[in-house]
Amino acid sequence: DGGITQSPKYLFRKEGQNVTLSCEQNLNHDAMYWYRQDPGQGLRLIYYSQIVNDFQKGDIAEGYSVSREKKESFPLTVTSAQKNPTAFYLCASSTRDRHPSGANVLTFGAGSRLTVL
Amino acid sequence: AQSVTQLDSQVPVFEEAPVELRCNYSSSVSVYLFWYVQYPNQGLQLLLKYLSGSTLVKGINGFEAEFNKSQTSFHLRKPSVHISDTAEYFCAVRDTNDYKLSFGAGTTVTVRA
């Protein structure tokens, strides 16, 4: 079955450490996204990529970095510069078709929960 | 830029009762609208979407939503809920000329027997 795999599901980090969250999809989607979820705040967009080797900052990109070297993979690095990194991180993917028939509906992974100790 | 307001953060409801979750959006252009559901410690699953055409949209698990352009609303309804409908529900909006999806803060539905 096609889908999105995020790993690890749970991750603990000490302050000052960088961590990388993995996101892999086998849906043949061009576009991939990273969202951060905090209680009572919904989902906020960190970064998104519409095509390999290209990505754009979302609404809360500070303290995060991404790469898109392969169509299937969009890893997110939470750097030590992120002041409040404890959160639930969700990866998503979609087609790039913006026509109504496609409307690039997002498919989500199961998420990664990061806790900074 | 668009924004989404979900008017209720928590909605307790008894099993087999109806439920309505309210969503209002603001945008200066045409939009696509979505409702997603999230079960504990899981990703989001699409319930339904409005792209164009009929303003009444039917989704999975017996949910439906009505798009009201004049009131800029997209309220979600289910006539009879089950215990398994306990989850968090997110309304989302996207401008038809953009890739970015904006989410509301979410509504937690708790169904009690």
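Residues numbered from 1 in each chain as written. Chains lettered and ligands numbered in written order. Predicted model: local features only at pLDDT ≥ 70, side-chain atom pairs only at ≥ 80, totals over all residues. Heavy atoms only, no water.

A. Summary view of the pairing of strand S6 (residues 44–50) of chain B. Residue and element names in this part refer to chain B. Sheet topology places strand S5 (residues 31–38) next to S6; six bridges connect them, and they run antiparallel. Looking at S6, one finds that Val37 is bridged to Gln45. Connecting the antiparallel pair S5 and S6 is a turn made up of five residues, with Asn41 showing a positive phi of about 60 degrees. (Pairing = 2+ DSSP bridges. Helix = DSSP H or I, 4+ residues; strand = E, 2+ residues; numbered from the N terminus.)

B. Structural context of the confidence of the model for chain B. For chain B, mean pLDDT is 92; residues scoring 70 or higher make up 99% of the total. Mean pLDDT across the secondary structure elements of chain B bottoms out at strand S11 (residues 102–103) of chain B, with 90, and peaks at strand S3 (residues 19–21) of chain B, with 98. (pLDDT = per-residue confidence, 0-100.)

C. Here's a closer look at unusual backbone geometry. Residues and elements named next belong to chain A. Geometrically, the link from Ser7 to Pro8 is a cis peptide bond, its omega value of -10 degrees lying close to zero. Examined against the element boundaries, Pro8 turns out to sit in the loop between strand S1 (4–7) and strand S2 (10–13). The backbone phi angle of Asn53 is positive, close to 65 degrees, even though this residue is not glycine. Under the relative-accessibility criterion, Asn53 is labelled exposed at 62%. (Buried < 20%, exposed > 50% of the residue type's maximum accessible area, 1.4 Å probe, protein only.)

D. Fine view of the environment of Glu24 of chain A. Residues and elements named next belong to chain A. Relative to the elements of secondary structure, Glu24 occurs in strand S3 (residues 19–25). For the pair Glu24 and Gly63, spaced 39 residues apart in sequence, the C-alpha separation works out to 22 Å. Among residues more than four places away in sequence, those in contact with Glu24 are Gly3, Ile4, Thr5, Glu72 and Ser73. Here Ser73 takes part through its side chain, which lies 3.0 Å from a polar atom of the side chain of Glu24. (Contact = heavy atoms within 4.5 Å. Polar contact = N/O pair within 3.5 Å; in protein donor to acceptor, adjacent residues only side chain to side chain.)

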